[in-house]
Amino acid sequence: MDPACAITVVPTGVDTQKYEVAPSSSANPPRIVFTGSMDWEPNIDAVAYFCRQIFPGILAELPSARFQIVGRNPRSRVQKLASPSVEVTGTVPCVADYLREATVVVVPLRIGGGTRLKIFEAMAMGKAVVSTSIGAEGLDVENGRDLVLADDASAQIQAITLLLRDSALRRRYEQAAAQLAAKYDWSSIGRRFSEVLQEVCRGTGPRGPSHAPGIARYS
């Protein structure tokens with residue numbers, strides 16, 4: 001709002017002790033996982049879109065594939081998606097248990113903002129992730145290295161199917177994901193946030209004491 005302010009962005013972090021690297025999951029049967037609060041409209045839209053436009057194409061190639069929607073308070077629109085190949089879990093004791101068994105994690109968000117914690121949680125556990133650009137917005141990730149970004153249904157079908165079939169390719173993404181997420185452990189992010197707050201209190205931010213205090217922001 002004020003161009004005289006110095007702004008520092010403190011990035012999203014992840015608890016790498018809770019979400020620790022898991023062994024590469026077998027693809028038999030292939031398990032595709034989405035995590036998030038299922039009473040939030042962007043998540044509801046994402047899983048409904050996935051089940052309607054993407055998952056049928058995956059099943060056509062891999063009939064044994066399973067899709068797990070993991071998250072609290074699933075609205076009726078989400079509950080109606082349940083089928084022999086789609087599981088709606090509702091509240092679970094530990095999301096990490098489901099991520100651990102995932103073959104691929106998907107984030108097909110089309111709307112909404114937020115901290116994008118679900119991607120870093122999956123990456124911290126060493127999981128290959130396929131996301132829309134909106135789903136990974138604001139994260140320091142590189143398409144084709146740390147995860148796959150795909151914004152239309154056909155591209156997502158192709159990317160997910162390829163990762164489910166090609167274990168070597170999947171493993172490469174899993175390793176890159178874990179390496180990146182390790183840099184964003186909350187202990188490191190917390191130290192940076194503390195440094196910003198101390199700079200603001202001392203009035204020694206990037207623009208010095210003669211300007212408005214710096215603004216620290218979690219994104």
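Residues numbered from 1 in each chain as written. Predicted model: local features only at pLDDT ≥ 70, side-chain atom pairs only at ≥ 80, totals over all residues. Heavy atoms only, no water.

A.B. asks: It is not clear to me how the overall build of the chain should be interpreted in this structure. Could you clarify?
C.D. replies: Helix and strand counts for the chain stand at 7 helices and 8 strands. Relative to a compact globule of 219 residues, whose C-alpha radius of gyration would be 17 Å, the chain shows 19 Å and is just as compact. Counting only C-alpha atoms, the chain reaches 65 × 35 × 35 Å along its principal axes. Among the 219 residues that make up the chain, the fraction classed as buried is 46%. Put simply, 71% of the contacts in the chain that link residues at least 6 apart link residues at least 24 apart. Of the accessible surface of the chain, which amounts to about 10800 Å², a share of 51% is contributed by carbon and sulfur atoms. (Helix = DSSP H or I, 4+ residues; strand = E, 2+ residues; numbered from the N terminus. Rg over C-alpha atoms; globule rule 2.2 N^0.38 Å. Buried < 20%, exposed > 50% of the residue type's maximum accessible area, 1.4 Å probe, protein only. Contact = heavy atoms within 4.5 Å. Areas by Shrake-Rupley, 256 points an atom, 1.4 Å probe, with all protein chains shown as cover.)

A.B. asks: Please clarify how unusual backbone geometry should be interpreted in this entry.
C.D. replies: Peptide bonds are, in most cases, trans, and in most cases residues other than glycine have a negative phi. Not every positive phi belongs to a glycine, and Asn73 is a case in point at roughly 50°. Note on Asn73: relative accessible area 43%, which makes it partly exposed.

A.B. asks: In this structure, what is going on with the side chain of Thr35? I would like to understand it.
C.D. replies: With respect to the element layout, Thr35 can be found in strand S2 (residues 31-35). What Thr35 contacts, discounting residues up to four positions off in sequence, is Val70, Val95, Leu99 and Lys118.

A.B. asks: I would appreciate a short explanation of the side chain of Ser131 in the present structure.
C.D. replies: Here Ser131 shows up in strand S6 (residues 128-131). Taking the relative accessible area as the measure of exposure, Ser131 reaches 0% and is therefore buried. A distance of 3.4 Å separates the side chain of Ser131 from the backbone oxygen of Val107, its partner in a polar contact. Within the local environment of Ser131, its side chain forms a polar contact with the backbone nitrogen of Ala136, the two atoms lying 3.5 Å apart. Setting aside its immediate chain neighbours within four residues, Ser131 contacts Val107, Ile119, Ala136, Leu147, Val148, Leu149 and Ala150. (Polar contact = N/O pair within 3.5 Å; in protein donor to acceptor, adjacent residues only side chain to side chain.)

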